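Residue strings, one per chain:
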Amino acid sequence: MKDAAFLEPFSSTESIPITGMTCASCVLRVERAIAQVPGVVEASVNLATERAEVIYETVGQRSAVVAAIRRSGYEIGSTTLELGIEGMTCASCVLRVERAIAAVPEVLSASVNLATERATITVSDTSPSQTAAIEMAITKAGYAPKSATITSASRDADKEQELRKLKRDLAVSSALTLPVFIAEMGGHLVPPFHHWLMMSFGQTTLYLAYFLLATVVQFGPGLRFYAKGIPALLRMAPDMNALVVLGSSAAWGFSVVATFAPGLLPAGTDNVYFEASAVIITLILLGRYLEAKAKGRTSQAIARLTGLQAKSARVEREGAFVDVALEDVRPGDIVQVRPGDRIPVDGTVQSGSSFVDEAMISGEPIPVSKDLGDPVIGGTINQTGSFTYRAEKVGGDTMLAQIIRMVESAQGAKLPIQALVDRVTAWFVPAVMAGAALTFGIWFFWGPEPAVTFALVNAVAVLIIACPCAMGLATPTSIMVGTGRSAELGVLFRKGEALQSLAGIDVVALDKTGTLTEGRPALTEFITNKGFDREAVLRLIAAAEGGSEHPVARAIIEAAEAHGVALPQATSFDAQAGFGITAEVDGHTVNVGADRFMISLGIDVETFAQAARDLAKQAASPLYAAIDGQLAALLAVTDPVKLSTPAAIAGLQALGLKVAMITGDNRDTADAIAAKLGIDDVVAEVLPGGKVEAVQKLREGNRKVAFVGDGINDAPALAEADVGIAIGTGTDVAIESADVVLMGGDLNGVQTALGMSRATMRNIKQNLFWAFAYNAALIPVAAGALYPVSGTLLSPMLAAGAMALSSVFVLTNALRLRRFAPTIKPDDMAFTVWGTNPLVGPAYRSDFRPKSPY
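Residues numbered from 1 in each chain as written. Predicted model: local features only at pLDDT ≥ 70, side-chain atom pairs only at ≥ 80, totals over all residues. Heavy atoms only, no water.

Going by the annotation in an unreviewed UniProt entry, the name recorded for the chain is P-type Cu(+) transporter, with Sulfitobacter delicatus given as the source organism. Taken verbatim from the UniProt record of the chain, the Subcellular location (unreviewed entry) comment is "Cell membrane". Its UniProt record, at the heading Sequence similarities (unreviewed entry), says of the chain: "Belongs to the cation transport ATPase (P-type) (TC 3.A.3) family. Type IB subfamily." (UniProt positions renumbered as here; feature names shortened; annotations may be inferred.)

Set out below in structure tokens:
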């Protein structure tokens, strides 16, 4: 390597991500390859970070370094960046921007979303010069790049300003167009009115008035179309603005000639179409205004999520709690929360207790108890109590910030179905212009007299009626509304593609532990022998278990505490592994353990023989308790099935899906659980690493599989499945591997996700059908195809109105998704019997937790 001590003053340093390195020899190979590039002063490669730190003599050697890395057998890592883009109006704009970005060196892929007005770009070069090159390409294409760091509030302000400008231009255009329209069209419809105008003002005066009003409309409010359309025409890349410019300018220009130089036109053709040019501009402005308002409503989900963030926090500073701005909260700060406060950031309770409304995360309306050591989430609302907690995740690391990023990412996604739109829009606008030229030629040479008039009117109608706007908005607006509504219901689509994939799922495979079940042991059965008081026995057993850290002991203690039983202190404790425990409590000898433990103590368990057999059939292992040598109770600690699980499985089957369970339990236990829950297929005795193979097995026969899980060992299966769905109460690893995240632990979220996916895809197909059918049906009508049959021609004014309405229709249809509601709501499950246990009696769903059996 060259001596870095002799660096020139103009040297530069860059960090380059590298993929494919596996060992120290890879590092050495890459370092040598980079060091041999002329102009490189020093290169240092780190295997752990998979990055190369390169020092150049001067800027400009990066491309040679990248080539050297690739020649040595390795690839450049990729990074995703986002840019806002202004000025796009239709699907052809989207395609043009994507092509411009993709042509920039080191850009691996580019996806542009018309509804969000953002570009998601995958690049292998993250340097400022790369970003500048991308922005320059966007600018050359005729659009304005915006920084990806602009806040949502700033974007909302820009959109509001644009809406005000549109409203102003629409008002001016309408006020000037209305007199022209009434005078010209009223004269055609009511002959006496026409005669009165001619007698009162004369044709020359009227034409001059029309000219003045229409010209102000054309080059005042209509100037926005020229500003975008003319450059697009000069670049030989026409867009929707270019079609509007050509159509309205043709009508206005012909009318100018007819007004000031009628002798240049064939006899009898000196008609004016000032009302057509003005009405075209006005109606398209109306469409743009309605479209902008509707697009604003499609992004309301993000606005509502952003509105959940607290504006400030009460943080301990120098021994006192003071209000600070949210951005000034740091990890480790102690934060005070009072009744009614919105919790500012994520953390863990340090003192005090309360109930917190977490509906914005889980979708469940029941407030959640918070005590010492419990986690709290920023954006949720404290209820009656007060507490302090230690801030752990702040700023962009909070759960709410991550949710907002996930929703924005999903809203900006491009679904596979969008490929059809891209193929069509690639040639659509040029084809429309060619069609308009062909229409003019046919009518001019073979049409009835006055041929030039017919040719002009029909060609203008063809230019105006074509609407790639509706095509470009059909898919992204539905995605925006669908993913936004899903977030409000506690379902996050981390990857937009899952919105389409989920609609085609055939099998839903469910992990058992933590997904179908609660994921932690609970005391589910408790039967006392004759002569023993239930509460007294529970008190002694729980106190005896106080000296054990075993999950079974913890479950018994939690059940006693939930029942309000005060626990005394055990004076002695002895545990025998595999058998049970013995303790002294309040002068009583308490034994808790398996049947073999009781037998070893000489205690007869035959009293509970039948009950124990019933428990075994339900895949539960019975335990026995004895007090002072007398059999006192039979109990069972199991991982209980979530109360929502039976209804969720029934709901999935009602959607026509097969439900499978993947578990490590033995076959008999798994079959018993499956029979109880009505599960269609069981894959049992699966080792921790065998879930991927289980998913592949379920996929046989070209079936599409969605896998639902929550644990670290579920991550490979979540990634392998066609759609991975993670329970939000699970591990971060599982969530990162999933395509969809259910923010609560309720399995009914799977049905909500599937329902939303199907509703969104149905909505997209409706939009695309309307957009394509509209153009397929009306462009021939605008060209005059019906004239030989019925004498019908389409006025350019009606064409402009139809074009505006087509985009508004697509947007309003997408907005219907905001009314989507899950088939099963949490409230529907409240206070309903979900099952009757022959040992305990009915259990009721009252607060989304199993009731204690006491």
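K.L.:
Could you clarify how one ought to interpret the overall build of the chain in this entry?
P.N.:
Scanning the chain from terminus to terminus reveals 31 helices and 31 strands. Here the chain holds 854 residues, and 50% of them are scored as buried. Contacts in the chain between residues at least 24 apart in sequence constitute 69% of all its contacts with a sequence separation of at least 6. Carbon and sulfur atoms form 58% of the exposed surface of the chain, whose accessible area is close to 37400 Å². (Helix = DSSP H or I, 4+ residues; strand = E, 2+ residues; numbered from the N terminus. Buried < 20%, exposed > 50% of the residue type's maximum accessible area, 1.4 Å probe, protein only. Contact = heavy atoms within 4.5 Å. Areas by Shrake-Rupley, 256 points an atom, 1.4 Å probe, with all protein chains shown as cover.)

K.L.:
Quick question: what am I supposed to make of the sheet that holds strand β2 (residues 40–46) here?
P.N.:
The strands that make up a sheet pair up through hydrogen bonds in the backbone, lying either parallel or antiparallel. Strands sit in the order β2-β3-β1-β4 across an open sheet of four strands; the sheet is antiparallel. A strand with exactly one partner marks an edge of an open sheet, and here the two such strands are β2 and β4 (75–76). Relative to strand β3 (residues 51–56), strand β1 (residues 12–19) runs antiparallel, the two sharing six bridges. Counterpart to Ser12 in the pairing with β3 is Tyr56. (Pairing = 2+ DSSP bridges.)

K.L.:
Hey, could you run me through the sheet that holds strand β25 (residues 658–662) in this one?
P.N.:
Read across the sheet, seven strands follow the order β17-β29-β28-β27-β18-β25-β26 without closing on themselves; strand pairing throughout is mixed. Of all the strands in the sheet, the pair left with one neighbour each is β17 (491–493) and β26 (681–683). Averaged over all pairs of adjacent strands, the angle between strand axes in this sheet comes to 20°, irrespective of strand direction. Here three bridges tie strand β28 (residues 723–727) to strand β29 (residues 740–742), and the two strands are oriented parallel to one another. Within β29, the position partnered with Ile725 by the bridge is Val740. Relative to the sheet, helix α24 (residues 667–677) contacts β25 and β26, its axis offset from that of β26 by approximately 150°. (Axes fitted to C-alpha atoms, helices over the stretch in contact; angles between N-to-C directions.)

K.L.:
Honestly, a nonpolar patch on the surface in this entry has me stumped. Any pointers?
P.N.:
There is a patch of nonpolar side chains on the surface, built from Leu438, Phe440, Ile442, Phe444, Phe445 and Trp446 and spanning about 700 Å² of accessible area. Along the polypeptide, Phe444 turns up in helix α14 (residues 418–446). The class for Phe444 is partly exposed, based on a relative accessible area of 37%. (Patch = residues over 30% accessible without salt bridge, like charges linked within 9 Å, V, L, I, M, F, W, Y side chains within 5 Å. Salt bridge = Lys/Arg side-chain N within 4 Å of Asp/Glu carboxyl O.)

K.L.:
Would you mind going over the packing of helix α23 (residues 645–654) against helix α28 (residues 748–783) with me for this structure?
P.N.:
When two helices pack together, their arrangement is given by the angle between the helix axes and the distance between those axes. Closest axis-to-axis distance for the α23/α28 pair is 8 Å, and the angle between their directions is 25°. As judged from the angle between their axes, α23 and α28 are roughly parallel. By crossing handedness, the relation of α23 to α28 is classed as left-handed. Of the residues in α28, those in contact with Ala647, Ala648, Gly651 and Leu652 of α23 are Asn748, Val750, Gln751 and Leu754. For the contact of α23 with α28, a count of residues per class yields five nonpolar, three polar and no charged. (Parallel < 35°, antiparallel > 145°, perpendicular 65-115°, else oblique. Left-handed = near helix turned anticlockwise from the far one by under 90°. Nonpolar A, V, L, I, M, F, W, Y, C, P; charged D, E, K, R; others polar.)

K.L.:
Any chance you could explain the pairing of strand β24 (residues 630–638) here in plain terms?
P.N.:
Strand residues, when the strand is regular, have side chains that alternate between the two faces of the sheet. Counted residue by residue, β24 has eight buried out of nine residues, so it is predominantly covered. Relative to β24, strand β19 (residues 522–528) runs antiparallel, the two sharing six bridges. Note that in β24 the partner of Glu525 across the bridge is Ala636. Inspection of the sheet shows strand β23 (residues 622–627) paired to β24 by six bridges, in the antiparallel sense. For Ile627, the partnering residue across the bridge sits in β24 and is Gln630. From the end of β23 to the start of β24, which pair antiparallel, there are two residues, and Asp628 there has a positive phi angle of about 55°.

K.L.:
Is there a simple way to think about the confidence of the model for the chain in this case?
P.N.:
Regions with low pLDDT should not have their predicted coordinates read in detail. Here the chain shows a mean pLDDT of 79. Residues at 70 or above account for 84%. Contacts for the low-pLDDT stretch residues 1–10, under 50 throughout, to residues beyond four places or in other chains number 17 contacts. Note on residues 826–854: pLDDT under 50 across the span, and 63 contacts to partners over four residues away in sequence or across chains. (pLDDT = per-residue confidence, 0-100.)

K.L.:
Any chance you could explain the packing of helix α7 (residues 203–219) against helix α9 (residues 240–260) here in plain terms?
P.N.:
Orientation of α7 relative to α9, taken along the N-to-C sense of each, is 155°, at an axis distance of 11 Å. Classified by the angle between their axes, α7 and α9 sit roughly antiparallel to one another. For the element pair α7 and α9, the recorded crossing hand is left-handed. Residue-level contacts link Tyr207, Leu208, Phe211, Ala214, Thr215, Gln218 and Phe219 of α7 to Ser248, Ser249, Trp252, Val256, Thr259 and Phe260 of α9. Residue classes in the contact of α7 with α9 are distributed as eight nonpolar, five polar and no charged.

K.L.:
What's the story with helix α25 (residues 691–698) in this structure? I'm lost.
P.N.:
The periodicity of an α-helix, 3.6 residues per turn, causes residues three or four places apart in sequence to face the same way. Turning to α25, its buried residues are Lys691, Ala694, Val695 and Leu698. For α25, the buried positions fall inside an angular range of 100° around the axis, keeping them on one side. Across α25 from its buried face, at more than 90 degrees, point the exposed residues Glu693 and Lys697. Here the buried face of α25 lies against β18 (507–511), β25, β26, β27 (705–709) and α26 (715–720). (Arc of directions from axis to C-beta.)

K.L.:
Quick question: what am I supposed to make of the UniProt feature "transmembrane region" (unreviewed entry) in the chain here?
P.N.:
Mapped onto the present numbering, the UniProt feature "transmembrane region" (unreviewed entry) falls at residues 196–219, 240–260, 272–290, 424–446, 452–475, 768–787 and 793–815. End-to-end, the C-alpha atoms of residues 240–260 are 30 Å apart, and along that stretch the chain is 100% helix and 0% strand. In residues 272–290, the share of helix is 89% and the share of strand is 0%. The end C-alpha atoms are 30 Å apart.

K.L.:
Explain the pairing of β3 here, please?
P.N.:
Both β2 and β3 contribute to a ladder of six bridges, which runs antiparallel. Across the sheet, residue Val40 finds its bridge partner in β3, namely Tyr56.

K.L.:
Looking at this structure, I do not really get the pattern of salt bridges. What am I missing?
P.N.:
Here the idea is simple: oppositely charged side chains can pair when their charged atoms come close. Summed over all chains, the structure comprises 14 salt bridges. The residue Asp586 makes a salt bridge to Arg539 at a minimum N-O spacing of 2.8 Å. Within this pair, whereas Asp586 is found in the loop between β21 (580–585) and β22 (588–593), its partner Arg539 is found in helix α19 (residues 534–544), the two being separated by 47 residues in sequence. Sharing partners across several salt bridges, the network here consists of Arg168, Asp169 and Arg224.

K.L.:
What am I meant to see in the environment of Val66 here?
P.N.:
Along the chain, Val66 falls in helix α2 (residues 62–71). In this structure Val66 comes out as buried when scored by relative accessible area, which is 1%. Beyond its immediate stretch of four places on either side in the chain, Val66 contacts Ile76 and Glu106.

K.L.:
It is not clear to me how the packing of aromatic side chains should be interpreted in this structure. Could you clarify?
P.N.:
The description of an aromatic ring pair uses the distance of the two centres, along with the angle that the planes make with each other. Within this structure, the stated rule accounts for 15 aromatic pairs. Look at Phe387 and Tyr389: their rings are 6.2 Å apart centre to centre, the planes differ by 50°, and that puts the pair in the tilted class. With respect to burial, Phe387 and Tyr389 carry one shared label: buried. On the numbers, 5.8 Å between centres and 10° between planes, the contact of Phe440 with Phe444 is stacked. Placement of the pair is Phe440 and Phe444 together in helix α14, with a separation of four residues, close to one helical turn. (Phe/Tyr/Trp six-rings, centres within 6.5 Å; stacked < 30°, edge-to-face > 60°.)

K.L.:
Any chance you could explain the environment of Val683 here in plain terms?
P.N.:
Among the secondary structure elements, Val683 is positioned in strand β26. Sequence separation of Val683 and Arg667 is 16 residues, and the distance between their C-alpha atoms is 8.4 Å. If we skip the residues at most four places from it in the chain, Val683 touches Met661, Ile662, Thr663, Ala694 and Leu698.

K.L.:
In this structure, what is going on with α28? I would like to understand it.
P.N.:
With 36 residues, α28 ought to run about 52 Å at 1.5 Å a step, and its terminal C-alpha atoms sit 53 Å apart, in line with that. Gly784 sits one or two residues past α28 and shows a positive phi near 95°. (Expected span 1.5 Å × (residues − 1).)

K.L.:
What should I look at first to understand unusual backbone geometry in this one?
P.N.:
Leaving glycine aside, a negative phi is the common case for residues, and trans is the common case for peptide bonds. Glu449 connects to Pro450 through a cis peptide bond whose omega is -10°. Inspection of the secondary structure puts Pro450 in the loop between α14 and α15 (451–465). For Glu318, which is not glycine, the phi dihedral falls at a positive 55°. Within the secondary structure layout, Glu318 lies in the loop between β9 (312–317) and β10 (320–325). Owing to a relative accessible area of 88%, Glu318 belongs among the exposed residues under this scheme. Phi at Asp628 takes a positive value of approximately 55°, unusual for a residue other than glycine.

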